[in-house]
Amino acid sequence: MSKRLGRGLDALIPSLSVSEEDKVIEVSLAQLRPNPYQPRKTFDDEAIKELAESIKQHGVIQPIIVRTVLKGYEIIAGERRFRASQLCGNTTIPAVVRNFSDLQVMEIALIENLQREDLNAIELSQAYQALMDKFNLTQEELSMKVGKSRSHIANFLRLLTLPEQIKENVSRGTLSMGHARAIVGVKEDVRKKELAELTIANEWSVRQLEEAIKNLDQPVPPKEKEPVSNKKRDPYINEVEESLRERFKTTVRIKQAKDKGRIELMYYNKQDLERLLELLQQLS
């Protein structure tokens, strides 16, 4: 076990290594189903292909670990070997059957990926949340089990409050964990999305993003009160605002009074201002 893991896991989970005493059986791939607690949602297709080529030449050297379930077996460790065996056309795979509880299965899946650092930040956050929900664990109890600080657990769990679009960007790697941690502190979802889009478009570092967020918090000079109108807002104006938001990737507000008005574009730092000016010049 990795030294990064908590003592609770070291003591709770039996070794996943296969010894000479273990009985290895050939299990039909059709009887196997993936671990439902597997936190990793995406697999490297190229790596699976390479493993499949190795299996074609040398076979599956290390048996997978499974447990018996209704109508077959559930994979505890070795899903990559299972997927690669499917890819190269095998019908069976060597396996060792072990008895594990649901808690052990979840923890093993998390440990395997933690040791290889295969999980992206969102997958890890979802895995932590699933463990807490399934077994009614507090953040403190979970931190002891996985050998991480409570603040580490809390920081990852906060990422789950991000809008889906931003979580997808983190999963794909277009936004880093540092970017996500900075954005999660912003109150309004629309601002979070704008900042994420600007970060990706301008390839901002975490520091540049933090600077933009800091500028958001600057006090705004008091504005003159505008007369309150009982008239409903023209739907056309809403459509134009949305179109301009998509075009300029920032907050756009149209202030209308009778047949005149003004258009306001929000910028977050000097670099963002220059970006907007360049876009406006292209329209002239």
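Residues numbered from 1 in each chain as written. Predicted model: local features only at pLDDT ≥ 70, side-chain atom pairs only at ≥ 80, totals over all residues. Heavy atoms only, no water.

Q: Any details on the overall build of the protein? Residues and values, ideally.
A: Regarding its fold elements, the protein presents 13 helices and seven strands. For the protein, buried positions account for 41% of its 284 residues. Excluding contacts between residues fewer than 6 apart, the proportion of contacts in the protein whose partners are at least 24 apart in sequence is 70%. Total accessible area on the protein is roughly 17,500 Å²; 49% of this is exposed by carbon and sulfur atoms. (Helix = DSSP H or I, 4+ residues; strand = E, 2+ residues; numbered from the N terminus. Buried < 20%, exposed > 50% of the residue type's maximum accessible area, 1.4 Å probe, protein only. Contact = heavy atoms within 4.5 Å. Areas by Shrake-Rupley, 256 points an atom, 1.4 Å probe, with all protein chains shown as cover.)

Q: Lay out the packing of helix α8 (residues 164-172) against helix α10 (residues 189-202) with the relevant residues and their values.
A: Taken N-terminus to C-terminus, the directions of α8 and α10 make an angle of 30°; their axes are 9 Å apart at the nearest point. Classed by the angle they form, the pair α8 and α10 counts as roughly parallel. Here α8 runs over α10; the crossing is left-handed. Each of Gln-165, Ile-166 and Asn-169 in α8 lies in contact with α10, whose residues at this interface are Lys-192, Lys-193, Ala-196, Glu-197 and Ile-200. (Axes fitted to C-alpha atoms, helices over the stretch in contact; angles between N-to-C directions. Parallel < 35°, antiparallel > 145°, perpendicular 65-115°, else oblique. Left-handed = near helix turned anticlockwise from the far one by under 90°.)

Q: Before we move on, could you go through the pattern of salt bridges and cite the residues and values that matter?
A: For the structure shown, the criterion picks out twelve salt bridges. Residues Arg-98 and Asp-22 are paired through a salt bridge, measuring 3.0 Å at the closest nitrogen-oxygen approach. In this pair, Arg-98 is assigned in the loop between β5 (92-97) and α4 (102-116) and Asp-22 in the loop between α1 (7-12) and β1 (24-28), connecting sequence segments 76 residues apart. A relative accessible area of 15% places Arg-98 in the buried class. (Salt bridge = Lys/Arg side-chain N within 4 Å of Asp/Glu carboxyl O.)

Q: Mind laying out the side chain of Ser-125, listing which residues take part and the relevant values?
A: Counting through the fold element by element, Ser-125 comes out in helix α5 (residues 121-135). Setting aside residues up to four positions removed in sequence, Ser-125 forms contacts with Phe-156, Leu-157, Leu-159 and Leu-160.

Q: Could you give me a rundown of a negative patch on the surface, with the residues and numbers involved?
A: A surface patch of negative charge is lined by Asp-44, Asp-45, Glu-46 and Glu-50. If you trace the backbone, Glu-46 turns up in helix α2 (residues 45-58). With relative accessibility at 48%, the residue Glu-46 sits in the partly exposed group. (Patch = residues over 30% accessible without salt bridge, like charges linked within 9 Å, V, L, I, M, F, W, Y side chains within 5 Å. Lys, Arg positive; Asp, Glu negative; His and termini not counted. Charge placed at Lys NZ, Arg CZ, Asp CG, Glu CD.)

Q: An account of the pairing of strand β6 (residues 252-257) is needed here, citing residue identities and associated values.
A: Along a regular strand, successive side chains alternate from one face of the sheet to the other. Bridge count for β6 against strand β7 (residues 260-265) is six bridges, and the pairing is antiparallel. By the bridge assignment, Lys-255 is partnered in β7 with Arg-262. Turn length for the β6-β7 hairpin, with the two strands adjacent in sequence and antiparallel, is two residues, and the turn residue Lys-258 shows positive phi of about 55°. (Pairing = 2+ DSSP bridges.)

Q: Break down unusual backbone geometry for me, with residues and values.
A: At Lys-71, a residue that is not glycine, the phi angle is positive and equals roughly 65°. Phi angles above zero are rare outside glycine, and Glu-203 is one such case at about 55°. When you line up the elements, Glu-203 lands in the loop between α10 and α11 (206-216). For Glu-203, a relative accessible area of 70% puts it in the exposed group.

Q: An account of helix α7 (residues 150-158) is needed here, citing residue identities and associated values.
A: Buried within α7 are the following residues: His-152, Ile-153, Phe-156 and Leu-157. Buried residues of α7, seen end-on, are gathered within an arc of 130° and therefore sit on one face of the element. Looking at the buried residues of α7, the elements they touch are α5, α6 (139-146) and α9 (177-183). (Arc of directions from axis to C-beta.)

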